[in-house]
Amino acid sequence: MLDYGEKVRDHFFNPRNAGALAGANAVGEAGSLQGGDALRLMLQIDPASERIEAARFLALGGGSAIASFSALTELVIGQSLATAQRLSEGDIAEALGGLPPERMRGPALGRQALTAAIAAFRGEAVAEPPAPRRAPPPATIAYAARLARGEAGPPAAHPLLAARRLTAPAAPVPLAPASAPIADAGETGAAIARIIEEMRPVFQRDGGDIELLAVDAGQVFVHLSGACAGCMMAGHTLSGLQARIIATLGRPMRIIPTGKA
Amino acid sequence: MPHPAPIYLDHNATTPVAPAALQAMLPYFSTHFANPSSGHSLAAAPAAALRQARRSVQALIGAASEQEVIFTSGGTEANATALRSALGAMPGRREIVTSAVEHPAILASCDALERQEGVIVHRIGVDGQGLLDIDAYRAALSDRVALVSLMWANNETGTIFPVEGLAELAHRVGALFHTDAVQAAGKLPIRVQDTEIDMLSLSAHKFHGPKGAGALYLRKGTGFAPLLQGGKQERGRRAGTENTPGIVGMGAAADLVAADLAEALPRIAALRDRLEAGIMAAVSHAVVLGNRHDRLANTSCIAFGYVEGEAIQLRLDRAGICVSTGSACASGAVEPSHVVRAMRVPFTAAHGAIRFSLSAATTGAEIDRVLAVLPGIVADLRAMTPFWADGAPAVAAGGGR
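Definitions and cut-offs
- For every chain, the first residue of the written sequence is number 1, and numbering continues from 1 onward in sequence order.
- For naming, the first written chain is A and the first written ligand is 1, with later ones following in the order written.
- Residues qualify for local features only when their pLDDT is at least 70, as the model is predicted, and side-chain atom pairs are given and counted only at 80 or more; totals for whole chains, interfaces and linings, by contrast, use all residues.
- In this description a helix means any DSSP run of H or I spanning at least four residues, a strand means any run of E spanning at least two, and both kinds are numbered starting from the N terminus.
- Within these notes, the globule rule equals 2.2 Å times the number of residues to the 0.38 power, and the radius of gyration is based on C-alpha atoms.
- Counting other C-beta atoms within 10 Å of its own, a residue is labelled buried from 20 upward, exposed at 12 or fewer, and partly exposed in the gap between, with every C-beta atom placed from the backbone.
- Distance between backbone-placed C-beta atoms decides contact: two residues are in contact if it is within 7 Å.
- Here a helix's expected span is defined as the number of its residues, less one, multiplied by 1.5 Å.
- Core membership is restricted to buried Ala, Val, Leu, Ile, Met, Phe, Trp, Tyr and Cys residues, and these are joined into a nonpolar core through C-beta atoms within 7 Å.
- Residue ranges assigned to the domains are those given by an automatic or database domain assignment.
- Under this grouping Gly is polar, as are all residues other than the nonpolar Ala, Val, Leu, Ile, Met, Phe, Trp, Tyr, Cys and Pro and the charged Asp, Glu, Lys and Arg.
- Scored between 0 and 100, pLDDT is the confidence that the predictor attaches to each residue.
- At least two DSSP bridges between two strands are required for those strands to pair.
- To obtain an axis, a line is fitted to C-alpha atoms, over the contacting stretch when the element is a helix, and the angle between two such axes runs from 0 to 180 degrees between their N-to-C directions.
- By convention the crossing between two helices is left-handed if the near helix lies anticlockwise of the far one by an angle smaller than a right angle, and right-handed if it lies clockwise.
- Orientation labels follow simple angle bins: below 35 degrees gives roughly parallel, above 145 gives roughly antiparallel, 65 to 115 gives roughly perpendicular, and whatever is left gives oblique.

Caption draft 1: A look at the overall build of chain B. Of regular secondary structure, chain B possesses 13 helices and 15 strands. Taken over the C-alpha trace, chain B has a radius of gyration of 22 Å; the compact-globule value for 401 residues is 21 Å, and the two agree within 12%. C-alpha atoms of chain B, sized along the principal axes, occupy 75 × 55 × 40 Å. For chain B, the proportion of its 401 residues judged to be buried stands at 57%. Contacts spanning at least 24 positions in sequence make up 74% of the contacts within chain B whose residues lie at least 6 apart.

Caption draft 2: Representation of the overall build of chain A in the model. When you go through chain A residue by residue, the secondary structure sums to nine helices and six strands. Relative to its 261 residues, chain A shows a buried fraction of 43%. In chain A, 64% of the contacts between residues at least 6 apart in sequence involve partners at least 24 apart.

Caption draft 3: Here's a closer look at the environment of Thr-14 of chain B. Looking at where Thr-14 of chain B falls in the secondary structure, it is placed in the loop between β1 (7–8) and α1 (19–25). The spatial distance from the C-alpha of Thr-14 of chain B to the C-alpha of His-351 of chain B is 23 Å, given a sequence separation of 337 residues.

Caption draft 4: Representation of helix α5 (residues 105–122) of chain A. Residue and element names in this part refer to chain A. Helix length check: α5, at 18 residues, gives a terminal C-alpha distance of 26 Å against a target of 26 Å (1.5 Å per residue), a fit within 8%. Buried residues dominate α5, accounting for 15 of its 18 residues. Two residues or fewer past α5, Gly-123 is found with a positive phi of approximately 70°.

Caption draft 5: Here's a closer look at helix α4 (residues 104–117) of chain B. Residue and element names in this part refer to chain B. The end-to-end C-alpha distance of α4 is 19 Å, a good match for the 20 Å that 14 residues give at a rise of 1.5 Å each. Those residues of α4 not exposed but buried are Ala-105, Ile-106, Leu-107, Ser-109 and Cys-110. A positive phi of about 70° marks Gly-118, the residue just after α4.

Caption draft 6: Fine view of unusual backbone geometry. All names here are of chain B. With phi around 55°, Arg-235 is a residue other than glycine that occupies positive phi space. By the secondary structure assignment, Arg-235 is in helix α7 (residues 233–236). Positioned with a positive phi, Arg-344 is a non-glycine residue whose angle comes to about 55°. One can find Arg-344 in the loop between α10 (338–342) and β15 (353–357).

Caption draft 7: Layout of the nonpolar core. Counting residues in hydrophobic clusters, the biggest one holds 165 residues, and the most contacted among them are Ala-59 of chain A together with Ile-61, Tyr-217, Ala-253, Ala-303 and Phe-304 of chain B. With 13 residues, helix α8 (residues 244–282) of chain B is the largest single contributor of residues to this core. With near-sequence residues (within four places) excluded, Ile-61 of chain B lies in contact with Ala-185, Ile-190, Val-192, Leu-200, Leu-202 and Tyr-217 of chain B.

Caption draft 8: Layout of the domain arrangement of chain B. Residues and elements named next belong to chain B. Taken domain by domain, chain B holds domain 1 (7–11 + 261–391) and domain 2 (19–257). Centre-to-centre separation of domain 1 and domain 2, based on C-alpha positions: 29 Å. Contacts between domain 1 and domain 2 engage 19 residues on the former and 20 residues on the latter. Counting only elements with at least two residues in the side of domain 1 that touches domain 2, the list comes to β10 (299–304) and α10. The dominant element in the side of domain 1 that touches domain 2, judged by the number of residues it contributes, is α10, at three residues. A class-by-class count of the residues in the side of domain 1 that touches domain 2 yields eight nonpolar, seven polar and four charged.

Caption draft 9: Examining the environment of Arg-86 of chain A more closely. Its location among the elements puts Arg-86 of chain A in the loop between α3 (81–85) and α4 (89–95). Between the alpha carbons of Arg-86 of chain A and Thr-115 of chain A there is a distance of 9.9 Å; along the sequence they are 29 residues apart.

Caption draft 10: The arrangement of the confidence of the model for chain A in detail. Residue and element names in this part refer to chain A. Averaged over all residues, the pLDDT of chain A equals 75, while 69% of them reach at least 70. Within chain A, helix α7 (residues 159–167) has the poorest average pLDDT of any element, 32, and strand β3 (residues 51–60) the best, 97. In the predicted structure, residues 131–185 sits below a pLDDT of 50 and forms 102 contacts with residues beyond four places in sequence or in another chain.

Caption draft 11: Looking closely at the sheet that holds β10 of chain B. All names here are of chain B. In space, the four strands of this open sheet follow the order β9-β10-β15-β12, with antiparallel pairing throughout. Edge positions in the sheet fall to β9 (286–289) and β12 (324–325), since each has one partner strand and no second. Across four bridges, β9 lies against β10 in antiparallel orientation. Within β10, the position partnered with Val-288 by the bridge is Ile-302. Strands in contact with helix α9 (residues 309–318) are β10, β12 and β15; relative to β15, the strand with the most contacts, it is inclined by about 45°.

Caption draft 12: Just the pairing of β10 of chain B, in detail. The buried count for β10 of chain B comes to six of six residues, which makes it a mostly enclosed element. Burial of the side chains of β10 of chain B extends over both faces: Thr-299, Cys-301 and Ala-303 of chain B are buried on one face and Ser-300, Ile-302 and Phe-304 of chain B on the other.

Caption draft 13: Representation of the packing of helix α2 (residues 44–61) of chain B against α8 of chain B. All names here are of chain B. Running from amino to carboxyl end, α2 crosses α8 at an angle of 35°, the nearest separation of the two axes being 8 Å. Once α2 is placed against α8, the crossing between them reads as left-handed. On α8, the residues that touch Pro-46, Ala-49, Leu-50, Gln-52, Ala-53, Ser-56, Val-57, Ala-59 and Leu-60 of α2 are Thr-244, Ile-247, Val-248, Met-250, Gly-251, Ala-254, Asp-255, Val-257 and Ala-258. Its residues assigned to classes, the contact of α2 with α8 comprises 13 nonpolar, four polar and one charged.

Caption draft 14: Structural detail: the pairing of strand β3 (residues 95–99) of chain B. All names here are of chain B. Along β3, five of the five residues are buried, which leaves the element largely enclosed by surrounding structure. Here β3 shows two buried faces, one formed by Glu-95, Val-97 and Ser-99 and the other by Ile-96 and Thr-98. Alignment of β3 against strand β5 (residues 145–149), held across three bridges, turns out to be parallel. The partner of Val-97 across the bridge, within β5, is Val-148.

Caption draft 15: Main features of the packing of α9 of chain B against helix α11 (residues 364–383) of chain B. Residues and elements named next belong to chain B. Two elements in contact, α9 and α11, have axes whose closest approach is 10 Å; the angle formed by their N-to-C orientations is 135°. Classed by the angle they form, the pair α9 and α11 counts as oblique. As α9 runs across α11, the sense of the crossing is right-handed. Of α11, the residues touching α9 (which contributes Ala-311, Ile-312, Arg-315 and Leu-316) are Leu-374, Ile-377, Val-378 and Leu-381. Considered class by class, the residues forming the contact of α9 with α11 number seven nonpolar, no polar and one charged.

Caption draft 16: Focus on the sheet that holds strand β2 (residues 37–46) of chain A. All names here are of chain A. Reading across the sheet, the three strands line up as β1-β2-β3 and stay open at both edges, with antiparallel pairing between neighbours. Only two strands of the sheet have a single partner each, and these edge strands are β1 (26–32) and β3. On average, adjacent strands in this sheet sit at an angle of 15° to one another, irrespective of strand direction. Judged from the seven bridges that link them, β1 and β2 form a sheet pairing that is antiparallel.

Here is the structure:
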């Protein structure tokens, strides 16, 4: 179980540069609460020299993940963006004295967040990272059992995917006819509206808001506004909302954040 | 500074061998090494020791006859034997009913039977407290079912299935009933002769016996097909020279735990409840997994929201406290265990499950030590997360208390 080397243990127990970075001008995120590991990498980059002057991180994760993020900050501080750009997952693992293959997710997330932070600094659109590895419905026994009983639906939306959907430029989302705001009328629509009303304070507390647009064929269309659009918290709050709707209705529903018609 | 002894709260994983059980075993490595099946006089002592151990295990589970106890190499072999035997003994029936939260020893065997032999396996789900979906169970029962295999108590949450009633339902459709009682033996009073259970699996190392020894209870008159063929040991039901020292250790441990059970259970439950209440009072966004009433006295599984289980485990370990996480390393990623997933634990906490499993040797001072360090560890780790830094999440979103 504790197959970690000394360097991993040292970085895990004494993480370097953990915490918020007040003067950050480049922030990149990767992972999710749902996936069990998430990273926010904050960089302070001198615009003139493009040198990384400070780096800090906030993260959720196990031993190898926290250690990887800690090592990553040490690797990039003092480097030029060009050098940091070339940093590989292997370099991060190397700084920890190596990691077993099944523990390489930490370095991968670190690399992903670094890419996102640099892109954010340069004002570039973030390239779509490869599809999350843990997103597909797990071919697990529990899942198979639910499938057999007709209870299985698609897995709850990946928070980061949900977050990206929020910021994606006006994707053509099929909207329910405006004349029938709640197409799937009756109890279902009423139940969903009630749940959203109940959870609205959660969104409002984050400085945003949520509004139910339509319910149609297993899909719940919502509009997110204010600070909710695009933040990591919105992603996992939406998943929480979806979980509640599924638990209440007893059948799968997808939540689709969209622009107003 | 002398290092204090580790606080071991992982007794559902394994237990230390009771000193008296170890002492009982030692002569059977040396003086009484002979093969119990041999015809000479040296075989008399090991053969008598086997009989004695069989009676001890019979007493632990309340079996009607010592002949109903078949010694195996452990719980996994006992489980595999039960599954294979039932299919062999019930020609014409090709279905198995089990649950989504069984030990991998059952689930992986069922997977293999399904894949390789076309057996139809019904895996019954559980609710948020880990209790079996009885309606789905009834619906899965038919005259095509050879065997129902449902665990007595869950290894991760301690949740107890009502196996006596479930066995009666199985018998109404003529199916055999097996229960994996590996976590229940020595932690619950068991009197199998008063039930309709046909087969029951045991493992010595879960109740202070040695690893590598276990047993399958087989009710007299139940059809049987052996897993291992060969010699005539165990009345032809399990071939292979007996693990005499291990079996002797199992018998001795069974005697000890049975004698101690009535006195120990309330004491263990009180310590567990103190631990649980202390944690729930000091840590927000935590959920106790499993059913609070139908639960083993020694087990508490708590899912902590907004924190990752391995991180808690590593920090506790450094503080000298040994626990398990509710996660399993599956195909390169650390995932919540199949039990946590089957119970639909809120995803905010599904990666933060920690299992505390106590024993009769656990002390109040040890519990106090856990309560002194755990809240700080969780708070530290949460303070490091982006979720916490953005402002502690609302309870409504986290499914907390």
